[in-house]
Amino acid sequence: MARSSPTRRLVVGADTYLWSVRHLHEGGKRPDISTCRETLSLRREGSSGRLVLAFHEPPGIGPTSTVGDPDRGGWLNLHEPGVVRAFLDAALAQGWQPGAKSGQEIDGWTLFPEALRARRAQSDGGAGTP
C-alpha cells in the first residue's frame, strides 16, 4: 500500500530537481505496520538517475511524512522544500551523481544528521545551534 504525493520541482541554481514523497507498507491488502517506511525520491530534470532515500523505523516516523530522531532532538517534514534541499545537499556532498543513468536507494538516516544541522542553521539565520 502506498500513499504518494505529486512530483514537485526544486530549483537549485541552474538545475531543476524533481522530488516526491511516499509512505509505504509491505503486505498488500493486509499491510504490516512494522514494515512502515517513508521515501524521498529525487532526480535532476532530464536525467534518469533517481536517488531514493528510504527511512525505515527506527529512529522515528511521525505523521504526514515526518521523520525524526528523538536522541538528536529533531524532526524533519519531508514535504517541506527546505528539508528536501537539505537532504539534496547532503546527498551531493556524499557523492551522489544526479547525472547517473541508474538509480540508487540509500538509507535516509545516514543523511539525517547533516540535513537536520542544515535546517537548524537555516532556522537561526546561520548562527548554528549548540
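The structure reproduced in this document is the subject of the present report. Just so you know, the residues in each chain are numbered from 1, in the order the chain's sequence is written. Per-residue local features are limited, in this predicted model, to residues with pLDDT of at least 70; the limit for side-chain atom pairs, both in listing and counting, is 80 or more; totals at the level of whole chains, interfaces and linings are taken over all residues. The side-chain figures draw on all heavy atoms in the structure; neither hydrogens nor water molecules are used.

### Focus: the packing of aromatic side chains
- Pairing of aromatic rings covers Phe, Tyr and Trp, the last through its six-membered ring, and needs centres within 6.5 Å; plane angles under 30 degrees mean stacked, over 60 mean edge-to-face, and all others mean tilted. Counted according to the given criterion, the structure contains four aromatic pairs.
- Each ring, one from Tyr17 and one from Trp96, has its centre 6.4 Å from the other, and the planes form 45 degrees; the classification is tilted. With Tyr17 in strand S3 (residues 15-26) and Trp96 in the loop between helix H1 (81-93) and strand S9 (104-107), this pair connects stretches of sequence that are 79 residues apart. When sorted by exposure, Tyr17 lands in the same class as Trp96, which is buried. A run of H or I in DSSP counts as a helix once it spans at least four residues, and a run of E counts as a strand once it spans at least two, with each numbered from the N terminus. Think of it in three bands: residues with accessible area under 20% of the maximum for their type are buried, residues over 50% are exposed, and the middle band is partly exposed, with areas taken using a 1.4 Å probe on protein chains only.

### Some words on H1
- By definition here, a helix of n residues has an expected span of 1.5 Å times n minus one. In a regular helix each residue adds 1.5 Å, so 13 residues correspond to 18 Å; H1 covers 18 Å between its end C-alpha atoms and thus fits that length.
- Every buried residue belonging to H1 is among Val83, Val84, Ala86, Phe87, Leu88, Ala90 and Ala91, and all of these are buried.
- At the C-terminal side of H1, Gly95 shows a positive phi close to 100 degrees.

### Quick look at the nonpolar core
- Nonpolar cores are built from buried Ala, Val, Leu, Ile, Met, Phe, Trp, Tyr and Cys residues. Side-chain atoms within 4.5 Å join them into one set. With 26 residues, the main nonpolar core has Leu40, Leu42, Leu76, Leu78 and Phe87 as its most contacted residues.
- Elements supplying a minimum of two residues to this core: strand S2 (8-12), S3, strand S4 (32-44), strand S5 (50-56), H1 and helix H2 (112-123).
- Per-element accounting of this core gives the leading share, seven residues, to H1.
- Contacts are assigned to residue pairs with any non-hydrogen atoms lying within 4.5 Å of each other. If we ignore the near neighbours within four places in the chain, the residues touching Leu40 are Trp19, Ser20, Val21, Leu51, Val52, Leu53, Leu78, Val84 and Phe87.

### Some details on the pattern of salt bridges
- The salt bridge criterion pairs a side-chain nitrogen of Lys or Arg with a carboxyl oxygen of Asp or Glu, the two atoms within 4 Å. Applying the stated criterion to the full structure yields three salt bridges.
- In this structure, Arg119 engages Glu80 in a salt bridge whose closest nitrogen and oxygen atoms are separated by 3.3 Å. Of this pair, Arg119 sits in helix H2 while Glu80 sits in the loop between strand S8 (74-77) and H1, and the two are 39 residues apart along the sequence.
- The exposure class of Glu80 is partly exposed, given its relative accessible area of 33%.

### Focus on the packing of H1 against H2
- Note on geometry: axes are lines fitted to C-alpha atoms, helical ones only across the stretch in contact, with angles between N-to-C directions running from 0 to 180 degrees. One can describe the packing of H1 onto H2 by two numbers: an axis separation of 8 Å at closest approach and a directional angle of 130 degrees. Between H1 and H2, the angle is such that the two are oblique. In the crossing of H1 with H2, the sense of the turn from one axis to the other is right-handed. For the pair H1 and H2, contact is made by Gly82, Val83, Ala86, Phe87, Asp89, Ala90 and Ala93 and by Phe112, Glu114, Ala115, Ala118, Arg119 and Gln122, respectively.
- Split into classes, the residues belonging to the contact of H1 with H2 amount to eight nonpolar, two polar and three charged. The scheme is simple: roughly parallel for angles under 35 degrees, roughly antiparallel for over 145, roughly perpendicular for 65 to 115, oblique for anything else. By convention the crossing between two helices is left-handed if the near helix lies anticlockwise of the far one by an angle smaller than a right angle, and right-handed if it lies clockwise. Side-chain classes follow a simple rule in which Ala, Val, Leu, Ile, Met, Phe, Trp, Tyr, Cys and Pro form the nonpolar group, Asp, Glu, Lys and Arg form the charged group, and the remainder, Gly included, forms the polar group.

### Quick word on H2
- The first and last C-alpha atoms of H2 sit 16 Å apart over 12 residues, in line with the 16 Å expected at 1.5 Å per residue.
- Of all the residues in H2, the buried ones are Phe112, Pro113, Ala115, Leu116 and Arg119. Buried residues of H2, seen end-on, are gathered within an arc of 165 degrees and therefore sit on one face of the element.
- Buried residues along H2 sit in contact with strand S7 (66-69), S8 and H1. Each direction from the helix axis to a C-beta atom contributes to the arc, which is the arc of those directions.

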